[in-house]
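Next come the chains, spelled out residue by residue.
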Amino acid sequence: MLLLQLLINGVALGAAYALVALGFVLILNATSAVNFAQGDLVMVGGFVSVAAAGLIPVPGIVLLPLVVIFMAVFGLGFSLLAYFPLKSRPTVSVFISTIALGIVFQNGANALFGPEPRVAPPLITGGTLKLGEFIISRQSLSIIVVAAILIAAQHLMFAKTQFGRRLRATAQNRRMAQAVGIPVNWMIAATFAMAAALAGAAGLLLANQHFVSPTEGSDLIIKAYIAVVIGGWGSVPGAVVGAMLIAMFEVILSAYISYPLATGLLYATLLAILFFRPQGLFGEILQKRA
Amino acid sequence: MKGYHRLLTAGTALALAATIAPATAQEINFPVIVPVTGILAIEGKAQRNGALLAIRQAAIKVKHKVIDTGSKPAGAANALERALSGGGVTAVVASIFGPEMLAMMPIAKDAKVPLLTISGTAKITELGNPYVFRFFPGDAITKVAHADYVVSVLGKKKPAIIYQTTAYGQSGRKHLVDNFKKLGVTPVMQEALSFSVKDMLPVLSKAKKAGADVLVVHLHSGPTALLIKQAAAMGLNLPIVAGSAMHQPTTAALLEPKELAGVCAESGSSPISGGGPAMKSFLAAYKKMFGSAPDAFSLGAYDAVNMALKVVKGGARTAEAVRAGLSKMTYKGLAMTYKSDGKGNMAHSAVIMCYDGKTRVPTIVKTYVNVSGVL
């Protein structure tokens, strides 16, 4: 019974981490640059949810589209500052610019909202469902459902739509995509918008269950980075699997051994993967594609 | 003769001016060097606000400049060097963050400038630095109250200790274990949580499995609220006695009043729980100036600055004179009576407060006065 309860909590946390990791992978594939501000974009999404809930006191599910749209626009602005002015420079310039903007976002949130953790509204309703001895948080279930819908929608968009194919073409080979008439810069801007929109959704989902504070992003970016390394650098399904794996270490393993030991084992697993399978769990697909 | 008298009067006036001038011309300068950003920003801002309110209410003009340390020891050391570089510093309102204090202390000792802090880290007053003055009860005081309340008042014998992996958490755990041992109680579980832990179900399940009859918590603000929220959600039905982070109104604001039912916490004080006219006046002035409710950290910083100002009003004009005054004076502040134990520990009392499940305002249920026996 406890294991099932832990599993649901783990999947809910993993689903939220997966949204963070997916946004990270999208930008990585489109630009070959690591966006170190992805965690801070999640934090911004969390605070936007808190602010929106203050203005419009409705459940999170109603706010979700508003937050996603706002963050998509925010992502466009982010690309104009962090990526486009530096796109012809070495990729390390973009690393640095995203770190710098992340710090600006942290201090901006601190100045606007204060350093205190804040709580966003639940997606539908708070509280728990009790089925015999089994107690499950409604928010956890909502997170799993909403994250699954968002991940599936993103997968369908990439696989089945012309827009998605253009985005993939841009990610695979920018010069070739440009040669066949794909507006590459627009595709990259759209990728930033989507990554920020996913961050916004993750921010809203996490800010109810786990609160949001200005320094939240630093921790999330480390988890996204690990998820992507475990899953395979640039692999979309790998990012989801990597995020789930991190959550399972954090929630299930730590229920049986101590938290510090579970964290140590997570990093040991990461090192083992880097040693025995440096391309990550889903790395072969990436190699074939390359 | 007349001329002689004029000369004498003028000479006396000049002599008087010469004696008074250094005292009046000497500016009172209290730089406020605290974390306003970074992981300790909540506590740092509370400390800053309390100090600024005391400075604003002071009868004398106090020069002050707030410098953000960024919750980083190097930032704190640089900020102190910068503040001291202009000279004329009377005393420094210094960071609540223990590691930052440890970085600032050697600099303050060299410059012979007193540091007024509310940091709970035990080590800062154990290094023999005569320029450190702590205006918040450290773990050596609060954990006596924490453990005693659990065992003697609640009658619990199987505590599960949940603490942070940080220096703050480790220090609290050590003092809790020591005090439980003195009371003949052995914790049934001890678990350290890092700041990044999001899901509290594993640790709560372990406490339940270990047969705990009370959760003794020593976590920072966010993790404390997360743990209480999840304990309420899973219907754990165990009393929770938390560390001082729980007393902060900003922590309680993250929780519904019903989630707080059965939750108690230790602290140096609880300004929002009310008190006499002076406390009410402090509460009103603080809310007017900052638009939020004060916590024990604000009050500790407020009392610290007011005590230093009392020393200044008593004639101390140099940093060294202020240090000497602080180390000798007994001062009745709003939170408690302060007196140095010879190591710079000024606060010797603690309170336990509990939430009734109906409001976010706790009630003080027990006061532990003069725990160290210094007063």
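Conventions used here
Residues numbered from 1 in each chain as written. Chains lettered and ligands numbered in written order. Predicted model: local features only at pLDDT ≥ 70, side-chain atom pairs only at ≥ 80, totals over all residues. Pairing = 2+ DSSP bridges. Helix = DSSP H or I, 4+ residues; strand = E, 2+ residues; numbered from the N terminus. Axes fitted to C-alpha atoms, helices over the stretch in contact; angles between N-to-C directions. Contact = placed C-beta atoms within 7 Å. Domains from an automatic or database assignment. Nonpolar A, V, L, I, M, F, W, Y, C, P; charged D, E, K, R; others polar.

## Topic: the pairing of strand S2 (residues 134-137) of chain A
Residue and element names in this part refer to chain A. By the bridge criterion, 4 bridges tie strand S1 (residues 128-131) to S2 in an arrangement that is antiparallel. Paired with Lys130 across the strands is Ile135, a residue of S2. Between the antiparallel neighbours S1 and S2 lie 2 residues, among them Gly132 with a positive phi of about 65 degrees.

## Looking at the sheet that holds strand S7 (residues 132-134) of chain B
Residues and elements named next belong to chain B. Read across the open sheet, the 5 strands follow the order S4-S2-S5-S6-S7; overall the sheet is parallel. Each end of this open sheet is capped by a strand with a single partner; those strands are strand S4 (66-68) and S7. Strand-to-strand twist in this sheet, taken as the mean axis angle between neighbours without regard to direction, amounts to 25 degrees. Bridging between strand S6 (residues 115-117) and S7 involves 3 bridges; their strand directions are parallel. Paired with Leu116 across the strands is Phe133, a residue of S7. Sheet strands touched by helix H4 (residues 98-111): strand S5 (92-94), S6 and S7. Its angle to S6, the strand with the most contacts, is close to 160 degrees.

## Quick word on the domain arrangement of chain B
Residue and element names in this part refer to chain B. Here chain B is described as being made up of domain 1 (26-137 + 274-344) and domain 2 (140-267 + 352-368). When each unit is reduced to the centre of its C-alpha atoms, the spacing between domain 1 and domain 2 is 28 Å. Taken together, the contacts link 10 residues of domain 1 with 13 residues of domain 2. Taken together, the residues of the side of domain 1 that touches domain 2 break down into 6 nonpolar, 3 polar and 1 charged.

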